[in-house]
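The residues making up each chain are set out below.
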Amino acid sequence: MDFISILSIFVMACFVGYYVVWSVTPALHTPLMAVTNAISSVIIVGALVASAEAGSPAAKWLGLAAVVLASVNIFGGFAVTERMLAMYKKKERPAAKEPRT
Amino acid sequence: MMLAPDTTVDLSLAADAAHAVNPWVALAYLVAGVLFILALRGLSSPATSRRGNRYGMAGMGIAVVTTLVTHSIASLPEIIGAIAIGGAIGFIIARRIAMTAMPQLVAAFHSLVGLAAVLVAAAAFLNPAAFDILGLDGNILVVSRLELMLGAAIGAITFSGSVIAFLKLNGNMSGAAILLPMRHWINLGTLGGILVLTAMFTHSPVGGPGENPLFWVVLALAFAIGFLLIIPIGGADMPVVVSMLNSYSGWAAAAMGFTLHNTAMIITGALVGSSGAILSYIMCRAMNRSFLSVIAGGFGAEASSTGGEAREQRPYKQGSADDAAFMLKQAESVIIIPGYGMAVAQAQHALREMGDLLKEEGVSVRYAIHPVAGRMPGHMNVLLAEANVPYDDVFELEDINSEFAQADVAFIIGANDVVNPAAKTDKGSPIYGMPVFDVDKAKTVMFIKRSMGGVGYAGVDNDVFYMDQTMMLLADAKKMVEEINKAMSA
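For clarity, every value in this text was computed on a predicted model and none was experimentally measured.

The rules behind the values
- Residues numbered from 1 in each chain as written.
- Chains lettered and ligands numbered in written order.
- Predicted model: local features only at pLDDT ≥ 70, side-chain atom pairs only at ≥ 80, totals over all residues.
- Heavy atoms only, no water.
- Helix = DSSP H or I, 4+ residues; strand = E, 2+ residues; numbered from the N terminus.
- Buried < 20%, exposed > 50% of the residue type's maximum accessible area, 1.4 Å probe, protein only.
- Contact = heavy atoms within 4.5 Å.
- Areas by Shrake-Rupley, 256 points an atom, 1.4 Å probe, with all protein chains shown as cover.
- Lys, Arg positive; Asp, Glu negative; His and termini not counted.
- Charge placed at Lys NZ, Arg CZ, Asp CG, Glu CD.
- Buried area = accessible area lost by both parts, 1.4 Å probe.
- Salt bridge = Lys/Arg side-chain N within 4 Å of Asp/Glu carboxyl O.
- Polar contact = N/O pair within 3.5 Å; in protein donor to acceptor, adjacent residues only side chain to side chain.
- Nonpolar A, V, L, I, M, F, W, Y, C, P; charged D, E, K, R; others polar.
- pLDDT = per-residue confidence, 0-100.
- Axes fitted to C-alpha atoms, helices over the stretch in contact; angles between N-to-C directions.
- Parallel < 35°, antiparallel > 145°, perpendicular 65-115°, else oblique.
- Left-handed = near helix turned anticlockwise from the far one by under 90°.
- UniProt positions renumbered as here; feature names shortened; annotations may be inferred.
- Pairing = 2+ DSSP bridges.
- Core = buried A, V, L, I, M, F, W, Y, C linked by side-chain atoms within 4.5 Å.

**Student:** What is the right way to read the overall build of chain A from this model?
**Tutor:** Regarding its fold elements, chain A presents four helices and zero strands. Listed by position from the N terminus, the elements making up chain A come as α-α-α-α. Of all 101 residues assigned to chain A, the portion counted as buried reaches 58%. The contacts of chain A with a sequence gap of at least 6 include a subset with a gap of at least 24, amounting to 62%. When the accessible surface of chain A is totalled, it reaches about 4100 Å², and 69% of it is carbon and sulfur.

Structure below.
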């Protein structure tokens, strides 16, 4: 792919991001940050490329370190988002009254 | 800046040296990118949000597997080990972390993305052949040098800035604005240095793998400016800072995506970058401050000196938990306004119990959330959700502000600046123009506050304390709510 095609994808994605993010409900802004955090760890792709090639040992170890960091983020980010989203509940209509003392 | 003639040659080389991309591989990365878009799309409502999160996981899985199967992997065991170690750490942290610590956690995660971007950029700089960015002359392609350097610099800023944000949010470092003398000049100088040296690095005739030491100089400067930028920013401006760093982590990923010609990374980077930018904008708008004034920092430190002398002892009414319980039970409609103080006191569970007790008495209970309440966007919503408050009881500022006139009680717990009428009336106030809740229209205002001493982040006195209908409840937020609950169920 040449630079201009890549740039086009990038610019289009910025617009998509703009509209998608404005449609996120403010109540979910914290999960939004957690999940964007998780997906930005797609940088792991670069880390994998670096650690896969045998060319330079230094580059390989840098890549492996980046794989560890990005994995913390991927697993941590998605898991914590899942945990938060599971807490958002709708009102149960006929409120079951618990007896209180 | 004028482009040197040799640059144009190199630009065309970029196309020649690009991977002979297998269309299926490109398609897989595109699918991953689309799944990430769907992950964010799901967050438009709590009902669809969990499915969205699954899309995100699937997208990440596709991206990782595609990379692994399309490269000749010389070190698969090490890679699997690295993923297992990182994954286990991440998973355990995510399970154990307290919901009140979410702002710190997000800041810490941002720092990891930043550092990962720096490491990947450094690896690409040392071993450009692995990334297919080596030109025919044995130098790294000029475009790729620019992309690499930008990715590394943005990653470094994200890393060091997020570390400071983490330390401030976690209480390891004073949340107050720390002001260096001449900081604006130091910052501008460093930023200028980064730009000039990046240009020099890009156009330097020395461009072989790991050859040009300018790379490390720019990296060091970028680390430094991350620290310098965040140190002067005070605690309550953290929602803007955390959003901004979120945005940076996205741009760093996008820059690396350009280097790798990888659509999944570019799409994700653009999504995350615009997401963080929009959140910063929403936060700034909710404080009626410009993004630049937040980034310039020092808010609150200067304001306290102007507000100080005008403050005099004014009479206020103090109430007890019993008084509050009695009046709450008599009310027909109560609106609760939580703020950062509720998070600090961990009062959300006690508060939900109070809401339940009131509902049993037939009182309508609603929660009103200001966009900048807490230390990150949506902080209060997560805490209330954790305490099992149904999300349809929770309202945004503009949706509920007209309801205060009909409310019997406005119950303020741990918030201050977001209910200060000075934002509407006092042109000299540092918070003038910030949208605030019209609590003065409610019949009764209950204000839980630790003592009459502190006056909120902005350092301005709050007229709400001294209104006829205001009852000050001076105690720790959690203790006070628990006592009210006891008095109500007695």
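From this point on, the discussion continues.
**Student:** What exactly am I supposed to notice about the overall build of chain B here?
**Tutor:** Counting secondary structure elements, chain B contains 19 helices and six strands. Seen through its principal axes, chain B has C-alpha atoms that stretch 80 × 50 × 35 Å. Residue burial in chain B is summarised as follows: out of 490 residues, 58% are buried. Within chain B, contacts between residues separated by at least 24 positions form 80% of all contacts whose residues are at least 6 apart in sequence. A total accessible area of about 18900 Å² is found for chain B, and carbon and sulfur atoms account for 63% of it. Taking the 28 positively charged and 37 negatively charged side chains of chain B as two groups, their mean positions are separated by 4 Å.

**Student:** Honestly, the interface of chain A and chain B in this entry has me stumped. Any pointers?
**Tutor:** Often, the extent of an interface is quoted as the loss of accessible area upon association of its parts. Listed by partner, the interface residues are 84 residues for chain A and 111 residues for chain B. Around 8600 Å² of area is buried between chain A and chain B when both sides are counted, 76% of it from carbon and sulfur atoms. The interface formed by chain A and chain B holds three salt bridges in total. For A:E82, the salt bridge goes to B:R50, with nearest N and O atoms at 3.4 Å. The tally of links between chain A and chain B comes to 20 residue pairs in polar contact (both at pLDDT 80 or more). Secondary-structure elements contributing two or more residues to the side of chain A that touches chain B are α1 (3-22), α2 (29-40), α3 (44-52) and α4 (57-87) of chain A. Top contributing element to the side of chain A that touches chain B by residue count: α4(A), with 28 residues. Classifying every residue of the side of chain A that touches chain B gives 53 nonpolar, 20 polar and 11 charged.

**Student:** Sorry if this is basic, but what is going on with unusual backbone geometry here?
**Tutor:** Glycine aside, residues mostly have negative phi, and peptide bonds are mostly found in the trans state. Residue and element names in this part refer to chain B. With a phi close to 55°, H261 is a non-glycine residue in the positive phi region. Mapped onto the elements, H261 comes out in the loop between α9 (238-260) and α10 (263-287). You will see that Q346, though not glycine, has its phi angle at about 55°, which is positive. In this structure, Q346 sits in the loop between α14 (340-345) and α15 (348-360).

**Student:** I would appreciate a short explanation of the side chain of B:R366 in the present structure.
**Tutor:** All names here are of chain B. Considering the arrangement of structural elements, one finds R366 in strand β2 (residues 364-369). Judged by its relative accessible area of 18%, R366 is buried. What R366 contacts, discounting residues up to four positions off in sequence, is S333, V334, I335, I336, D393, F395, I400 and E403.

**Student:** Would you explain the environment of B:G138 in this entry?
**Tutor:** All names here are of chain B. Topologically, G138 is positioned in the loop between α5 (102-126) and α6 (142-169). The exposure class of G138 is partly exposed, given its relative accessible area of 34%. Expressed as a C-alpha distance, the spacing of G138 and N53, which sit 85 residues apart in the sequence, is 43 Å.

**Student:** I tried to follow the confidence of the model for chain B on my own but got confused; where do I start?
**Tutor:** Detailed reading of the predicted coordinates is not advisable wherever pLDDT falls low. All names here are of chain B. Confidence along chain B averages 86 in pLDDT terms, with 91% of residues attaining 70 or more. Within the model, pLDDT remains below 50 along residues 1-19, and this stretch shows 22 contacts once partners closer than five positions in the same chain are excluded. With a pTM of 0.86, the predicted complex shows an ipTM of 0.89.

**Student:** Mind showing me how you'd approach the packing of α6(B) against helix α7 (residues 183-203) of chain B here?
**Tutor:** The geometry of a pair of packed helices is captured by two quantities: the angle between their axes and the separation between those axes. Residues and elements named next belong to chain B. Axis separation between α6 and α7 bottoms out at 8 Å; the angle between their running directions is 150°. Classified by the interaxial angle, the pair formed by α6 and α7 is roughly antiparallel. Once α6 is placed against α7, the crossing between them reads as right-handed. Here V142, R145, L146 and M149 of α6 come into contact with α7, specifically with T198, F201, T202 and H203. A per-class count over the contact of α6 with α7 returns four nonpolar, three polar and one charged.

**Student:** Sorry if this is basic, but what is going on with the environment of B:L169 here?
**Tutor:** Residue and element names in this part refer to chain B. Tracing the backbone through its elements, the reader meets L169 in helix α6. Expressed as a C-alpha distance, the spacing of L169 and V142, which sit 27 residues apart in the sequence, is 40 Å. The residues contacting L169, other than those within four sequence positions of it, are P103, Q104, A107, M238, V242 and R375.

**Student:** Is there a simple way to think about the UniProt feature "transmembrane region" (unreviewed entry) in chain A in this case?
**Tutor:** On the UniProt side, "transmembrane region" (unreviewed entry) is annotated at positions that read residues 6-25, 32-52 and 58-81 of chain A here. Between the end C-alpha atoms of residues 32-52 of chain A the distance is 32 Å, and the span holds 86% helix and 0% strand.

**Student:** For this particular structure, what's the right way to read the pairing of strand β1 (residues 333-338) of chain B?
**Tutor:** Taken residue by residue, a regular strand's side chains alternate between the two faces of the sheet. Residues and elements named next belong to chain B. The element β1 is extensively covered by neighbouring structure, given that six of its six residues are classed as buried. Here β1 shows no split at all, with S333, I335 and I337 on one side and V334, I336 and P338 on the other all buried. Pairing of β1 with β2 involves four bridges; the strand directions are parallel. Bridge pairing in β2 links I336 to Y367. Pairing of β1 with strand β4 (residues 409-413) involves five bridges; the strand directions are parallel. Bridging across to β4, V334 finds its partner in V409.

**Student:** Can you walk me through the nonpolar core in this structure?
**Tutor:** The tendency in soluble globular proteins is for nonpolar side chains to be buried as a group. All names here are of chain B. Counting 196 residues, the largest nonpolar core has F411 and I484 as its most contacted members. Examining the composition of this core, we find that 16 residues originate from one element, α5, more than from any other. Apart from residues no more than four positions distant in its own chain, F411 is found in contact with L328, V334, I335, I336, I337, L351, M354, M446, I448, L473, V481 and I484.

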